[in-house]
Amino acid sequence: MAVIEDRRPWSRRLRNLEFILGAALTGMMVLAVLCAGLLFPDGGEGFDLTARLLPPFHGWAHPLGTDPVGRDVLARVVTGGGISLTVGFASVAGAVVLGTLAGLVAGYYRGLWDLVLMRCADVQQALPFILIALTFIAILGGGLDRLIFFMIISQWVQYARLVRGSVLSLREREFVQAAAAIGVRDHRIILDHLLPNVMGPIVILMTLNVANNILLESSLTFLGLGVDPLIPSWGGMLADGRTYVQTAWWISVFPGLAIMLTVLGLNLLGDWLRDVLDPTGKI
């Protein structure tokens, strides 16, 4: 098996500014989400009408202010981050598994498998995304699980096409031909020789798509097509705060900043991974 990899020492790779900033931003958000249960046991749902619409930095009890019903904005931002990150990572994981499997089968076996899978991908990509989202939500209803399922179904094509293209090239390489010549079974060739060589582009696309899916979840929830409005989420907080932009800007600004910083961190990590995993500069 031949896997092309970057042979620069890790100490040099980790000193990259993109990695430092990306890891810091992403790590802080993930750490805050993991500790949300300890920091805010009520999940940001504690009502206090006597403390409604308090501005940021009003006191230690509510450092980022409160919303129209007295809920702590910081608690809701951190708790809502768990929903957004869950949607981002879970949907990407599902799309990777489905798309990679389809791409490996289509690229290696070609023929009827390739024809059927790629024509399905063509049909799906020809349909307007918003139309599919509206139809899907109208038929099955909203909710966290349905939103994740919809993202998986709508995004597997990206990974399938990426993997298929790589496999079509790799299957003609000498190490794959040699493995087939000595009688190695197809599933062993796919798992041991082809899959490791396509993991670099997959990991890069995964990192960037987690960021895109966080934006997508926030957008759909803002439009009322995503997560249940009763569940704290960044998109839901933006929707709740849009009517208070002039009088209580902090309700929508802080979840917006959380989205921006998280997506920025993931995109920086994606750029760094592209440089590390692709020494040839072809990804």
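About the criteria used
- Residues numbered from 1 in each chain as written.
- Predicted model: local features only at pLDDT ≥ 70, side-chain atom pairs only at ≥ 80, totals over all residues.
- Heavy atoms only, no water.
- Salt bridge = Lys/Arg side-chain N within 4 Å of Asp/Glu carboxyl O.
- Buried < 20%, exposed > 50% of the residue type's maximum accessible area, 1.4 Å probe, protein only.
- Helix = DSSP H or I, 4+ residues; strand = E, 2+ residues; numbered from the N terminus.

With that settled, the discussion passes to the pattern of salt bridges. Inspection of every chain in the model, using the stated rule, returns 9 salt bridges. Of the charged contacts, one joins Asp67 and Arg76 as a salt bridge, the two residues approaching to 4.0 Å between their closest N and O atoms. Residue Asp67 is classed as buried on the basis of its relative accessible area, which comes to 4%. In this structure, Arg188 and Asp192 form a salt bridge, with 2.9 Å as the shortest nitrogen-oxygen distance. Of this pair, Arg188 and Asp192 both sit in helix α9 (residues 186-222), separated by 4 residues, roughly a single helical turn. The class of Arg188 is partly exposed, set by a relative accessible area of 36%. What you see here is one network of salt bridges that share partners, running through Asp67, Arg71, Arg76 and Asp240.

For Leu53, which is not glycine, the phi torsion reads 60 degrees and is therefore positive. You can see Leu53 is positioned in the loop between α3 (36-39) and α4 (73-109). On the basis of relative accessible area, Leu53 is assigned to the partly exposed category, the value being 24%. In this structure, Arg110 is a non-glycine residue whose phi angle is positive, near 55 degrees. By the element assignment, Arg110 lies in the loop between α4 and α5 (111-126).

The values reported here are purely geometric and, on their own, carry no functional implication.
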